[in-house]
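Remarks on the overall topology
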Amino acid sequence: MAINTTKIGQIEYLTAEGIAVSHGFTTRLGGVSTGTLESMNISYHRGDAPENVEKNYRLLADALQFSVKDLVMSHQIHSDLVRVVTKADHLGLDHHLYPACDALITKDPGTALVIFTADCTPILLWDEKTGAVGAIHAGWRGTAANIAGKTVEKMVAEFGCDPANIRAAIGPNIGACCFEVGGEVPEAMGAAFGPAVEEWIFPKGEKFHMDLKQVNALALKNAGVTQIDISTQCTMCQHHRFWSHRVHGTSRGSQGAIIVCGEGML
């Protein structure tokens, strides 16, 4: 299965062939934001006009077929916290209004989940049997804390999911080509995942490069998920298409990953 580009009007986003419910990894293309935030910024806290952010969400809601009033957001702190939510948890479009977490799960049909990225790893989950879905923000700290695996475990505990029925999609992030780090990052990954992670760590002088997509795929596999679509896009290499914190610094918008809960088969 692959991750493909979808275009509706000026909006461009990515979708995974393995996930059958409405979802998308947004890009920086197709919105109404202006200046350094041109054009699809989905965060209130990047210096954008609130009306631009609201319009961007309406455009995405039309494209992905969800209701803005049923959208639930993450207030991310690079943790391993997973929240169980329903559409009743909607608190508006300012993610700072929401409780802290870095992953959301739901089994409430119509509820749309969103997490935010600008180099970190976005992950979407869909259980084809129960209909449960999840959205995960995995920075390197969250990755080392096994937030991907813990989100799967939470779906099992809360919704009775079987990991064999969960399909995962890992979206655009800073790739191994560009993710240069010091020794503390591979040490943290080794402590979390053992020798298996060494395949995805590449020494470069006194620094290291790391493939966070593959490390998160390992975490998902350890949790029993075997159906995983993985994007090839690097947000830093393709900074004209994606927001990249390492390229744009504080003068950037935020993209995200959105998934809408459908009906289960059980």
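In this text, all values refer to a predicted model and were calculated from it rather than measured experimentally.

Observations concerning the nonpolar core
- In terms of nonpolar packing, the biggest core is built from 41 residues, with I19, Y57, F66, L71, M73, L113 and I259 touching the most fellow members.
- Elements with a minimum of two residues in this core: β2 (11-16), α1 (50-64), β4 (71-73), β7 (112-117), β8 (121-127), β9 (133-138) and β15 (255-260).
- Considering every element that reaches this core, the biggest residue donor is α1, with six residues.
- Once residues lying within four places of it in the same chain are set aside, the contact partners of F66 are Y57, L60, A61, L71, A112, I258 and V260.

With respect to the layout of surface pockets
- Considered as a void within the structure, the largest pocket measures approximately 580 Å³ in volume.
- Taken together, 25 residues line the largest pocket, and the ones lying closest to its centre are H78, A118, C120, H137 and R252.
- Those elements that provide at least two residues to the lining of the largest pocket are β7, α2 (140-144) and α6 (245-248).
- The residue makeup of the lining of the largest pocket, split by class, is seven nonpolar, 13 polar and five charged.

A look at the sheet that holds strand β13 (residues 207-210)
- Reading across from one edge, β11-β13-β12 is the order of the three strands in this open sheet, with antiparallel pairing throughout. Where the open sheet ends on each side, the last strands, each with one partner, are β11 (180-181) and β12 (201-204).
- Relative to β13, β11 runs antiparallel, the two being bridged by two bridges. Looking across to β13, one finds that V181 is bridged to F208.
- Set on the sheet, helix α4 (residues 184-193) makes contact with β11, β12 and β13; between it and β13 the angle comes to about 50°.

Digging into the pattern of salt bridges
- A complete count under the given rule lists eight salt bridges for this structure.
- Among the ionic pairs, D70 bridges to K69, the shortest N-O distance being 3.6 Å.
- A salt bridge links E128 to R167; its shortest N-O distance comes to 3.6 Å. You can see E128 sitting in the loop between β8 and β9 and its partner R167 sitting in strand β10 (residues 166-170), a full 39 residues away along the chain.
- Note on R167: relative accessible area 18%, which makes it buried.

Considering the pairing of β15
- Across the six residues that make up β15, a large majority, six, are buried.
- Of the two faces of β15, the one carrying Q255, A257 and I259 and the one carrying G256, I258 and V260 are both buried.
- Across six bridges, the pairing between β7 and β15 is antiparallel. Within the sheet, the bridge partner assigned to L113 lies in β15 and is I259.

About the thresholds
Residues numbered from 1 in each chain as written. Predicted model: local features only at pLDDT ≥ 70, side-chain atom pairs only at ≥ 80, totals over all residues. Heavy atoms only, no water. Core = buried A, V, L, I, M, F, W, Y, C linked by side-chain atoms within 4.5 Å. Buried < 20%, exposed > 50% of the residue type's maximum accessible area, 1.4 Å probe, protein only. Helix = DSSP H or I, 4+ residues; strand = E, 2+ residues; numbered from the N terminus. Contact = heavy atoms within 4.5 Å. 1 Å grid on protein atoms, 1.4 Å probe; cavity = no way out; pocket = protein on both sides within 12 Å on 5 of 7 lines; lining within 4 Å. Points joined across faces, edges and corners; volume = space filled by probe spheres on them. Nonpolar A, V, L, I, M, F, W, Y, C, P; charged D, E, K, R; others polar. Pairing = 2+ DSSP bridges. Axes fitted to C-alpha atoms, helices over the stretch in contact; angles between N-to-C directions. Salt bridge = Lys/Arg side-chain N within 4 Å of Asp/Glu carboxyl O.

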